[in-house]
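So the chains spell out like this:
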Amino acid sequence: MEQLDKIDTKILRILQKDAKKTTKEIATMLNLTVSPIYERIRRLESLGYIKQYVAILDKKLINRQVTTICQVSMRYHNEAFIEKFEQEIQNLQEVQECYHMAGQVDFLLKINVASLDDYHDFVKYKLSKIDNIGVLNSTFVLKEIKQTSEFYI
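- Looking at an unreviewed UniProt entry, the protein carries the name DNA-binding transcriptional regulator, Lrp family, with the source organism given as Dyadobacter psychrophilus.

Now the structure itself:
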């Protein structure tokens, strides 16, 4: 992987904070001209440093204010069951994040829904339908202290 120089790192920091910044604005912030900033951003995109540009929505305004962390333990741990779970979890829109873990649980899910009733229905009608789930342990977020998509670079 190609090494990042200081200017690349500064560009990434700026875009992590505000992906709507224009090339011109970034160039002004870094005391450079537009053309090299444009070329650097395109290079960072093509190398995969920048995966996508997204809008981060207010979960209360879109009625998804209940955040649940769900720990999933599988009954059997063979490759086929793990792959099937990973495939099926992709189809569940309520699941925002899924991590395959080492330790006491196999998967950690971050789920956002409108209400506890919606979470109940999600577990009952969707999540529990996935084969080989042994144990589900759900914890509910009381207050979000820190949430960021920024990496420290």
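Moving on, there is more to tell.
Considering the overall build of the protein
Inference 1: Helices and strands together make up the secondary structure of the protein, namely 5 helices and 4 strands.
Inference 2: Along the protein, helices (α) and strands (β) appear in the sequence α-α-α-β-α-β-β-α-β when read from the amino end.
Inference 3: Since a compact globule built from 153 residues should have a radius of gyration of about 15 Å, the 20 Å found for the protein marks it as more spread out than a globular shape.
Inference 4: With the C-alpha coordinates of the protein rotated into their principal frame, the extents come out at 55 × 35 × 25 Å.
Inference 5: Here the protein holds 153 residues, and the buried ones make up 29% of them.
Inference 6: Look at the contacts in the protein between residues 6 or more apart in sequence, and 64% of them connect residues 24 or more apart.
Inference 7: On the protein, roughly 11200 Å² of surface is accessible, and the fraction owed to carbon and sulfur atoms is 52%.
Inference 8: When the 22 positive and 21 negative side-chain charges of the protein are each reduced to one mean point, those points stand 7 Å apart.

Concerning the domain arrangement of the protein
Inference 1: Domain boundaries in the protein define domain 1 (6-47) and domain 2 (66-140).
Inference 2: With centres defined by C-alpha atoms, the gap from domain 1 to domain 2 works out at 38 Å.

Quick look at the UniProt feature "domain: HTH asnC-type" (unreviewed entry) in the protein
Inference 1: As annotated in UniProt, the feature "domain: HTH asnC-type" (unreviewed entry) corresponds to residues 4-65 in the numbering used here.
Inference 2: As annotated, residues 4-65 has a helix share of 52% and a strand share of 0%, and its two end C-alpha atoms lie 38 Å apart.

Quick notes on the layout of surface pockets
Inference 1: One number sums up the size of the largest pocket: a volume of about 1600 Å³.
Inference 2: In terms of lining residues, the largest pocket is bounded by 38 residues, among which Gln52, Val54, Ile56, Ser149 and Glu150 are the most central.
Inference 3: Of all the elements in the fold, those that place two or more residues in the lining of the largest pocket are helix 1 (6-17), strand 2 (95-100) and strand 3 (107-113).
Inference 4: For the lining of the largest pocket, a count of residues per class yields 16 nonpolar, 10 polar and 12 charged.
Inference 5: There are two domains that each give the lining of the largest pocket at least three residues, and those are domain 1 (6-47) and domain 2 (66-140).

Some words on the packing of aromatic side chains
Inference 1: In this structure the tally under the stated criterion is 4 aromatic pairs.
Inference 2: Aromatic pair Tyr119 and Phe122: ring centres 6.2 Å apart, planes at 35°, arrangement tilted. Here the residue Tyr119 and the residue Phe122 both occupy positions in helix 5 (residues 116-125), the gap between them amounting to 3 residues, near one helical turn.
Inference 3: Three or more aromatic residues link up through ring pairs in this structure, and these residues are Tyr119, Phe122 and Phe140.

Parameters at a glance
Residues numbered from 1 in each chain as written. Predicted model: local features only at pLDDT ≥ 70, side-chain atom pairs only at ≥ 80, totals over all residues. Heavy atoms only, no water. Helix = DSSP H or I, 4+ residues; strand = E, 2+ residues; numbered from the N terminus. Rg over C-alpha atoms; globule rule 2.2 N^0.38 Å. Buried < 20%, exposed > 50% of the residue type's maximum accessible area, 1.4 Å probe, protein only. Contact = heavy atoms within 4.5 Å. Areas by Shrake-Rupley, 256 points an atom, 1.4 Å probe, with all protein chains shown as cover. Lys, Arg positive; Asp, Glu negative; His and termini not counted. Charge placed at Lys NZ, Arg CZ, Asp CG, Glu CD. Domains from an automatic or database assignment. UniProt positions renumbered as here; feature names shortened; annotations may be inferred. 1 Å grid on protein atoms, 1.4 Å probe; cavity = no way out; pocket = protein on both sides within 12 Å on 5 of 7 lines; lining within 4 Å. Points joined across faces, edges and corners; volume = space filled by probe spheres on them. Nonpolar A, V, L, I, M, F, W, Y, C, P; charged D, E, K, R; others polar. Phe/Tyr/Trp six-rings, centres within 6.5 Å; stacked < 30°, edge-to-face > 60°.

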